[in-house]
Amino acid sequence: MTITGGCLCGAVRYRIEAEPIQVRVCWCRDCQFVGAGSGTVNVTFPTEAVQVDGELGDYSSLAASGNRMHRRFCPRCGTPVTTQSEARPHLLTVRVGTLDDPEIARPMMTIWTKSAPSWASIDAGIPCVEGQPPPPVVPPKA
Ligand SMILES: [Zn+2]
Ligand SMILES: [Zn+2]
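As the structure is a computational prediction, the values presented were derived from the model and not from experiment.

Draft legend 1. Highlighting the sheet that holds strand 8 (residues 80-85). Taken together, seven strands build an open sheet; the order of strands is 6-7-8-9-4-3-10 and the sheet is mixed. Both edges of this open sheet fall to strand 6 (57-62) and strand 10 (109-111), since each of them pairs with a single strand only. In this sheet, adjacent strand axes meet at a mean angle of 30° when their direction is disregarded.

Set out below in structure tokens:
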């Protein structure tokens, strides 16, 4: 499966050779800044499957989850393009609005609903988690 996308101005383009691992809507407080008042919709891939052409700016901060996140954006048009946790460098998350075909990334779960404003429209048809969902089960380090 080949998935393509890029920023609003076209200075940044990407190509992904993988199936989406997960698609989630996030209403954490940070995402409301990125989403201009709404939550963000995010699709995760294996990092090695994503090839980005063009330069991305990087804003790093501590997320509500306690993880250090790198939110990368087009320095020219400001479009948020990717996000990545230092705790999970093997995963790269792409902002669904930048996909050439956002139709392929239907959300599976909504997270951080406790930070959402009361007027937020949250899909009751998919699982909702109040805060950070439990991390994926990984084998302990030897
Ligand atoms: Zn741009
Ligand atoms: Zn968030």
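Draft legend 2. Structural detail: the sheet that holds strand 5 (residues 50-53). Taken in spatial order, the three strands make up an open sheet running 1-2-5, and their pairing is antiparallel. At either end of the open sheet lies a strand with only one pairing partner, and these are strand 1 (2-6) and strand 5. On average, adjacent strands in this sheet sit at an angle of 15° to one another, irrespective of strand direction. As judged from the four bridges shared by strand 2 (residues 13-17) and strand 5, these two strands associate in the antiparallel manner. Its bridge partner being in strand 5, Ile-16 is matched across the sheet by Val-50.

About the cut-offs
- Residues numbered from 1 in each chain as written.
- Chains lettered and ligands numbered in written order.
- Predicted model: local features only at pLDDT ≥ 70, side-chain atom pairs only at ≥ 80, totals over all residues.
- Heavy atoms only, no water.
- Pairing = 2+ DSSP bridges.
- Helix = DSSP H or I, 4+ residues; strand = E, 2+ residues; numbered from the N terminus.
- Axes fitted to C-alpha atoms, helices over the stretch in contact; angles between N-to-C directions.

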